[in-house]
Structures are given as structure tokens and as C-alpha cells.
Amino acid sequence: MALQQVVEQTVIGLGYDLVEIERSAGGLLRVTIDLPWVQPPVDAVAPALDQFVTVEDCEKVTRQLQFALEVDGAEYKRLEVSSPGIDRPLRHEQDFTRFAGSVIDVTLKAPIGVSAAAGQVNATRKKFRGLLSRAESGGWQIVWSDEPPVKPGQKVSKKRAPAPLQALGFTLDEIRDARLAPIVDFKGRAGKSGAAPG
């Protein structure tokens, strides 16, 4: 059985979602897991609190994977099981639905192009950061402003017009990589990215 299949069956069999598998030089096998996400009912009064992967979850999956990989004769030197962290990759439609309203980083497979840029953005640009939302067309979009961040103690003129909001619509097959933006609020809570520190 292929390594991907063994890992996937083991992780899902224990009740977790498999986020990604990475093989690194030196025989490191890195497996990232998450708790399954259930879309809250439309009529829910309050949003469900996100639950996060614990050290105990990682230990449980590590023990089971070591056994499964040994039985299968998989080649690896070291196994690392972890939570997705604050820059969690978004791979599937369900990930985008779950994190709608969060700030994400998107890298396109091809540059945006002249027609999409409409003179507002460099036509060769591939990387964007913005607020994820559903597009009217049914796909996905990110919305951002190129307003420079205000530095602490800096006075901002009330007369200055804010930078216009821009939107980029995309489909999942147009993106090379999408991740939650690693925004941290140093007042003791995770940022708007919606993920727990890993």
C-alpha cells in the first residue's frame, strides 16, 4: 500500500482530518492533522467555538502511525505529527468554506494578467493577501486594500482618502498555494486568521 494511503487511512480511522504529508531530506516524515470540521447549521445563533489539536492528539496519531508504517514496511527515519498552526494550508473546498472571513495568502499558478489587473495591480503579480469570501459568481475571492499600515504614534489625516478596496476572484484550480495569513495579536489571542498557534 502507498505511504499516502497508509497515513490517510490511519489518520481518518482515528477520527482526524489529514491536512498534509511532507517528506524531507534526512528521512523526516511530517504529518499534519486537524480535527474534523462540521459546518454549523444556518440557523445557529452563535458560531461554534473552534477546537484545536492537542499534544495528546498528536501522540495518539504518532503511536498508531508508527505501528501502521512498520507493518507496511514504510521507509522513514523520523516521524513528526503536528497541528496545522497559524499558517494552515487551504487545499479543499471545505477548507475555504470553513475559513471564509479570514485573511489568507494566495499564490496563483499564473500571473494575474493585464485584463484582470485593470491598471490597478501589476499584471505579473501572483501573490495576494486579503479577506476570503464567496464571489457572486459562486467561486471564491479575496478583498484587500493597498493602504499602508499605520505605524504606532503616526498621525493620519482625516482628509486623506482611503485606498480603494480591490477584489480578486479565483477558482481552486487557479491557485498554487493558499494559506491562512499568519497574523498574531500580541494581546494574548490568535489573530483573525482563525487558527490556533501550532
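These numbers were taken from a predicted model, which means no experiment stands behind them.

Visitor: Describe the overall build of the chain, and please don't skip the residues or the numbers.
Guide: Within the chain one finds four helices and 10 strands. Mapped in sequence order, the helices and strands of the chain form the string α-β-β-α-β-α-β-α-β-β-β-β-β-β. Counting across all 198 residues of the chain, residues that qualify as buried make up 33%. Summarising the internal contacts of the chain: among those between residues at least 6 apart in sequence, 60% fall at separations of at least 24.

Visitor: Give a description of the side chain of Arg98 that names residues and reports values.
Guide: Looking at the element boundaries, Arg98 is found in helix 3 (residues 93-98). There is a polar contact of 3.0 Å between the side chain of Arg98 and the side chain of Asp34.

Visitor: Residue-level account of the confidence of the model for the chain, with values.
Guide: Averaged over every residue, the pLDDT of the chain is 82; the share at 70 or more is 84%. In the model, residues 189-198 has pLDDT below 50 throughout and makes 31 contacts with residues more than four positions away in sequence or in other chains.

Visitor: Give me the pattern of salt bridges: which residues, what numbers.
Guide: Throughout the structure, instances matching the rule amount to nine salt bridges. Glu80 is the salt-bridge partner of Arg30, the closest N and O atoms lying 2.7 Å from each other. Of this pair, Arg30 sits in strand 2 (residues 28-34) while Glu80 is found in strand 3 (residues 78-82), placing the two residues 50 residues apart along the sequence. For Arg98, the salt bridge goes to Asp34, with nearest N and O atoms at 3.0 Å. Remark: Asp34 occurs in strand 2 and Arg98 occurs in helix 3; sequence separation between them is 64 residues. For the residue pair Arg98 and Asp34, the accessibility class agrees, reading buried in each case.

Visitor: A description of helix 1 (residues 3-13) should follow, citing residues and the corresponding values.
Guide: Every buried residue of helix 1 is accounted for by Leu3, Val6, Val7, Thr10 and Val11. The arc that holds every buried residue of helix 1, seen down its axis, measures 115°, which confines them to one face. The inward-facing, buried residues of helix 1 contact strand 1 (17-24), strand 2 and helix 2 (55-72).

Visitor: Kindly report on the sheet that holds strand 1, identifying the contributing residues and their values.
Guide: Strand order across the open sheet formed by three strands is 1-2-3, with mixed pairing between neighbours. Strands at the two margins of the open sheet, each flanked by one partner only, are strand 1 and strand 3. Within this sheet the neighbouring strands show an average axis-to-axis angle of 15°, counted without direction. Pairing of strand 2 with strand 3, which is carried by five bridges, proceeds in the parallel orientation. Residue Thr32 lies in a different strand from strand 3, and its bridge partner there is Ser82. Sheet strands in contact with helix 1 are strand 1 and strand 2, and its direction is about 145° off that of strand 1. Where helix 2 meets the sheet, its contacts fall on strand 2 and strand 3, and the angle it forms with strand 3 comes to roughly 145°.

The rules behind the values
- Residues numbered from 1 in each chain as written.
- Predicted model: local features only at pLDDT ≥ 70, side-chain atom pairs only at ≥ 80, totals over all residues.
- Heavy atoms only, no water.
- Helix = DSSP H or I, 4+ residues; strand = E, 2+ residues; numbered from the N terminus.
- Buried < 20%, exposed > 50% of the residue type's maximum accessible area, 1.4 Å probe, protein only.
- Contact = heavy atoms within 4.5 Å.
- Polar contact = N/O pair within 3.5 Å; in protein donor to acceptor, adjacent residues only side chain to side chain.
- pLDDT = per-residue confidence, 0-100.
- Salt bridge = Lys/Arg side-chain N within 4 Å of Asp/Glu carboxyl O.
- Arc of directions from axis to C-beta.
- Pairing = 2+ DSSP bridges.
- Axes fitted to C-alpha atoms, helices over the stretch in contact; angles between N-to-C directions.

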